[in-house]
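Working through the structure, step by step
One letter stands for each residue in the lines below.
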Amino acid sequence: MNPDLTPHAVEEWFPLDVQTNYIEHIVRQPGLKITLRQATYFVRLWGYGYLIQHGVEHAPITALTRNISSFYCSHSDAADLFYTQTNGTPRAAGQMLDKLAAKKLLRRGEADGVATRLSLKIPQSFELPDTIEDDTFYTDAFDPRNDALLVASFLEKLYSYDTERPEAMLHNIKKGLRQWARLYPEGLRVLRRASNQEPVGFAAFFPPHPESEEKFDLPPSRSLHLSRLDVREEDPIKVAEKGDPDCYTVFVRSWQIQPAVWTYENACELIKDSQTTLKKIRDDFPNMSDIYTMAIHPLSEDFALTLGFRTMKGDPDSSLSWLSMPLDRFLALDYEDVLLNFDYSHHYGETF
């Protein structure tokens, strides 16, 4: 290892925003089945190899080239390079190298007893265009005809944290989204990328029928999460009829942003839209006073707690718990100030 090129300090010689440009570009490649985490580790290897060849005087990296020579990298160095926010082991790093090799993105060569020579196979399409336009994002209504598959695809990856996920999870999510769009389209919102109009964030708000509100006083597993929703089964959460004075709760059935675009600005944009949407829903249900949700991934729970949600009833059979917050408090939330305290960097490479 070059003594001036410390793998653990990757963000010093390879700025996170530049990494993110490459990571987002790679995961959008058509026909390439690669997770955000795998793309993150590959990009860091790419940057590491680039500086080994061109020298640390080219740090901090602003752009990468695909034609770089092979280089030696031990599993210990790969672990330091990959797991800057976690305690990943050299063994785990070696397994990740195996996964990247299986995707034909690198080839292992000879070993010197400590490190192995790696040759990266970088497609030309991985290089960024000469000019990168700053993309913008905007909120919009969910369109079941054009958005269901795209939203289901990124939700499936986010919900893959659930160890008991069913094999038919993508099918369940896609069908569930279309079912929700028939039942209560007013509560389904997306965050879109302006350059291609594709959804990168999704929120679903449901006013539960009074008969369904008892579900929030039971363990979360007694409800039914989107990833396990089968349209052949009866959804335990019924939708209230507009104007029902006995509807006191709104259920946030999903609120997610793709990890690659999890930023302060985008979180604020979707929360702002969520406040507007909930105000419109409350106009139809004047006694609505509480918000309930459940978080599948710990990072989603951290985000909810940052917003002011409180942990309610837990589940003896799983790590799930209900989270709740008074609706008035959420609608009055100064989200621009509150969300400054959230660490968005954890969403890069750690959600999948």
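Residues numbered from 1 in each chain as written. Predicted model: local features only at pLDDT ≥ 70, side-chain atom pairs only at ≥ 80, totals over all residues. Heavy atoms only, no water.

**Thoughts on the overall build of the protein**
Condition: Secondary structure follows DSSP: runs of H or I at least 4 residues long count as helices, runs of E at least 2 residues long count as strands, and numbering of each begins at the N terminus. Note on contacts: a residue pair qualifies if any of its non-hydrogen atoms lie within 4.5 Å across the two residues.
Of the regular secondary structure elements, the protein holds 11 helices and 10 strands. Considering only residue pairs separated by 6 or more positions, the protein has 71% of its internal contacts joining residues 24 or more positions apart.

**Regarding the sheet that holds strand β1 (residues 71–74)**
The strands making up a sheet associate through hydrogen bonds between their backbones, and the pairing can be parallel or antiparallel. Just so we agree on the cut-off: The criterion for strand pairing is that DSSP finds at least two bridges linking the strands in question. Axis lines are fitted through C-alpha atoms, for helices just across the contact stretch, and the angle between N-to-C directions can take any value from 0 to 180 degrees.
One open sheet accounts for three strands, arranged β1-β3-β2; its pairing is antiparallel. The sheet is open, and its two borders are formed by β1 and β2 (106–111), each paired with just one other strand. Pairs of neighbouring strands in the sheet enclose a mean axial angle of 40°, with direction left out of account. The sheet contact formed by β2 and strand β3 (residues 115–120) spans four bridges and is antiparallel. Following the sheet pairing, alanine 111 is matched in β3 by threonine 116. Set on the sheet, helix α3 (residues 36–54) makes contact with β1, β2 and β3; between it and β1 the angle comes to about 130°.

**Here we look at the layout of surface pockets**
For clarity, the threshold we go by: Buriedness for pockets is judged along seven lines, at least five of which must meet protein on both sides within 12 Å for an open set on the 1 Å grid over protein atoms alone, while cavities are sets there where a 1.4 Å probe fits but cannot get out, and lining residues have an atom within 4 Å of a point. Grid points are joined across faces, edges and corners, and a volume is the space filled by probe spheres set on the points. Residues are sorted three ways: Asp, Glu, Lys and Arg are charged, Ala, Val, Leu, Ile, Met, Phe, Trp, Tyr, Cys and Pro are nonpolar, and all the rest, Gly among them, are polar.
Roughly 680 Å³ of internal volume is contained in the second largest pocket. Elements with a minimum of two residues in the lining of the second largest pocket: α6 (144–159) and β6 (199–206). By residue number, the principal contributor to the lining of the second largest pocket is α6, which donates four residues. A class-by-class count of the residues in the lining of the second largest pocket yields 12 nonpolar, five polar and five charged.

**As for unusual backbone geometry**
We apply this condition: Exposure is judged per residue with a 1.4 Å probe applied to protein chains only, and the accessible area is read against the type maximum: over 50% gives exposed, under 20% gives buried, and values in between give partly exposed.
In this structure, proline 60 follows alanine 59 across a cis peptide bond, with omega equal to 0°. Topologically, proline 60 is positioned in the loop between α3 and β1. Within the chain, lysine 104 stands out as a residue other than glycine whose phi angle is a positive 65°. Tracing the backbone shows lysine 104 in the loop between α5 (90–102) and β2. You can call lysine 104 exposed: its relative accessible area is 65%. Positive phi values are uncommon outside glycine, yet glutamine 197 reaches one of about 65°.

**Regarding the environment of threonine 62**
Among the structural elements, threonine 62 can be located in the loop between α3 and β1. Put simply, threonine 62 and tryptophan 13 are 49 residues apart on the chain and 9.5 Å apart in space, counted from C-alpha to C-alpha.

**Focus on the packing of helix α2 (residues 16–27) against α3**
For clarity, the threshold we go by: Working definition: roughly parallel below 35 degrees, roughly antiparallel above 145 degrees, roughly perpendicular at 65 to 115 degrees, and oblique for all remaining angles. Handedness of a crossing is defined here by the sense of rotation of the near helix relative to the far one, left-handed for an anticlockwise turn of less than a right angle and right-handed for a clockwise turn.
Contact geometry for α2 and α3: axes closest at 9 Å, N-to-C directions at 130°. Between α2 and α3, the angle falls in the class oblique. Seen along the crossing, α2 lies across α3 with a hand that is right-handed. Residue-level contacts link Gln19, Tyr22, Ile23, Ile26 and Val27 of α2 to Leu36, Ala39, Thr40, Phe42, Val43, Arg44 and Trp46 of α3. Split into classes, the residues belonging to the contact of α2 with α3 amount to nine nonpolar, two polar and one charged.

**Focus: the pattern of salt bridges**
Any two side chains of opposite charge can pair, given that their charged atoms come close. Under the convention used in this document: Here a salt bridge means any side-chain nitrogen of Lys or Arg lying within 4 Å of a carboxyl oxygen belonging to Asp or Glu.
Inspection of the entire model under this criterion finds eight salt bridges. A salt bridge links arginine 192 to aspartate 147; its shortest N-O distance comes to 2.7 Å. Taken together, the residues span a long stretch of sequence, with arginine 192 in strand β5 (residues 188–193) and aspartate 147 in helix α6 at a distance of 45 residues. For aspartate 273, the salt bridge identified is with arginine 189, shortest N-O distance 2.9 Å.

**Things to note about the nonpolar core**
Filter applied, for reference: Joining through side-chain atoms within 4.5 Å is the link that ties buried Ala, Val, Leu, Ile, Met, Phe, Trp, Tyr and Cys residues into a set, and such a set is a nonpolar core.
Judged by nonpolar contacts, the single largest core of 65 residues is most densely connected at Phe142, Phe202, Trp255, Leu278, Phe303 and Leu339. In terms of residue count, α6 provides more of this core than any other element does, seven residues in total. If you look at the next biggest cluster of nonpolar residues, it comprises 41 residues, including Tyr22, Leu106, Phe126 and Leu128.

**Regarding empty space enclosed by the protein**
Under the defined criterion, the tally for this structure stands at four cavities of 30 Å³ or more. Its volume calculated, the largest cavity comes out at about 300 Å³. Every residue lining the largest cavity is counted, 23 residues in all, and those nearest its centre are Val252, Trp255, Thr293, Ser300 and Ala304. Looking at the lining of the largest cavity, the elements that each hand over two or more residues are β7 (249–257), α8 (264–284), β8 (290–294) and α9 (298–307). Per-element accounting of the lining of the largest cavity gives the leading share, five residues, to β7.

Any functional reading would require information that these geometric values do not contain.
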